[in-house]
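Coordinate inspection notes
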Amino acid sequence: MRALQHHTYGGPDVLALGEAEEPHAGPGEVRIATRAVAVNPIDAKLRSGAFAPEGRRLRAPRIPGLDAAGVVDEVGEGVQGYAEGDRVFGAGTSVTAERSTLTAFAHLPDEVTFEQGAAVVTVAETAMRILDRLDARDGQVLVVDGASGGVGTTLVQLAMLRGLTVVGTASEAKHDLLRRLGALPTTYGPGLAQRVRELLAGQGAELVAADLAGKGSVAELIELTGDPTRVVTIADFSGETDAVVSEGSQGRAWHALGEVAALVADGRFEVIIDQVLPWTEAAAAHTAIESGHTTGKIVLTVD
Ligand SMILES: NC(=O)c1ccc[n+]([C@@H]2O[C@H](COP(=O)([O-])OP(=O)(O)OC[C@H]3O[C@@H](n4cnc5c(N)ncnc54)[C@H](OP(=O)(O)O)[C@@H]3O)[C@@H](O)[C@H]2O)c1
């Protein structure tokens, strides 16, 4: 089969299509004929070697990608409720290939495209994990620093569906998008606490906050909420923050997949996609994600 791969760590240009062995569905897994794959910031860090859990020596060729959607063509031992031909989306490793295996997955409703399905895997799990960790409740205000990216546009919408008021930061060009999603927009950077207080003038609601950018806002978010346990960061791993640091290794909120798919199918959740590119343009997709300024998700189609 064909797969996107790289033989060394490096810039986006190390990525190229090549031949690879087909994977098979292990216990609890499904294999899919892959139709779409999302590109996440972690994919670029794993490609460049900035984040290299395998150690400095790359086991080549490495096939990137964690989030995919496609059609089931092999069902692993112990998997109930899935059959060949089912449309699914979910998470695996090395998914940017004609065949890939998923370890966490859900059915993709007919109303939801493969591109939309791939786009809401990691971001839905992460956003739901943040809300669960914060015990976010109706009537609270959630401040989201970095609200216009993949996790941000998802978190804004899921929080609003839980009955929270949301204040989100983005560059000014994206404030209309945040308004459309129902959030109160403001800019990011120093002075955030003051800007949020002005926006919320008169509202005495309890505040919770999420740092999705890792650009040093945590101290101001703690000042705003008055309690470090009411602030979650998914991007500040400096070791110097008092906020709750949330990583996937601490447990995943995979229940998000089925819930978000149903919301998309009902028209209650909008999947924000910046660009859909053919997988032959994976290098351009990685360059875009590395800019740190994409809006929603970047998706690759596999054909
Ligand atoms: N710990 C975990 O479990 C976990 C899970 C998923 C993701 N992450 C990490 O969380 C981060 C966000 O992920 P993502 O997928 O949402 O990334 P993304 O889609 O690339 O987010 C890009 C967004 O970040 C915003 N941004 C850029 N500079 C900013 C700043 N100084 N302050 C606030 N916002 C800023 C941009 O807004 P503008 O374009 O308006 O500037 C853009 O919309 C990444 O570092 C990712 O690796 C962690």
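Located above this text is the structure these notes cover.
Residues numbered from 1 in each chain as written. Predicted model: local features only at pLDDT ≥ 70, side-chain atom pairs only at ≥ 80, totals over all residues.

1. Structural notes on the site of the ligand
Lining the immediate surroundings of the ligand are 32 residues, of which Gly146, Gly149, Gly150, Ser171 and Ala213 lie closest. When residues of the shell around the ligand are traced back to their parent elements, those giving at least two are helix 1 (41–48), helix 3 (122–134) and helix 4 (150–161). Its residues placed into classes, the shell around the ligand shows 11 nonpolar, 17 polar and 4 charged. Among the domains, domain 1 (2–120 + 271–301) and domain 2 (126–250) are the pair contributing at least three residues each to the shell around the ligand. (Near = placed C-beta within 6 Å. Helix = DSSP H or I, 4+ residues; strand = E, 2+ residues; numbered from the N terminus. Nonpolar A, V, L, I, M, F, W, Y, C, P; charged D, E, K, R; others polar. Domains from an automatic or database assignment.)

2. Side note on the environment of glutamate 270
Among the structural elements, glutamate 270 can be located in the loop between helix 8 (255–265) and strand 13 (273–278). Glutamate 270 gets classed as partly exposed once you count the C-beta atoms within 10 Å, which come to 16. The spatial distance from the C-alpha of glutamate 270 to the C-alpha of glutamine 157 is 8.1 Å, given a sequence separation of 113 residues. (Buried ≥ 20, exposed ≤ 12 C-beta atoms within 10 Å, placed from the backbone.)

3. Focus: unusual backbone geometry
Following alanine 60, the chain continues to proline 61 via a peptide bond in cis, the omega torsion being -10 degrees. Positionally, proline 61 belongs in the loop between helix 1 and strand 4 (67–75). With a phi angle near 55 degrees, serine 94 is a residue other than glycine that sits in the positive phi range. Here serine 94 falls in the partly exposed class, since 19 other C-beta atoms lie within 10 Å of it. We note that aspartate 135 has phi near 50 degrees; this positive angle belongs to a residue other than glycine. Position of aspartate 135 among the secondary structure elements: in the loop between helix 3 and strand 7 (141–145).

4. Considerations on helix 9 (residues 282–290)
Every α-helix winds through 3.6 residues per turn, so residues three or four apart in the chain are directed the same way. Taken together, the buried positions of helix 9 are occupied by Ala282, Ala285, His286 and Ile289. Seen end-on, helix 9 carries its buried residues on one side only, within an arc spanning 95 degrees. Residues of helix 9 that are buried make contact with strand 1 (2–5), strand 3 (30–39), helix 1, strand 13 and strand 14 (297–301). Downstream of helix 9 by a residue or two, glycine 292 has a phi angle that is positive, lying close to 75 degrees. (Arc of directions from axis to C-beta. Contact = placed C-beta atoms within 7 Å.)

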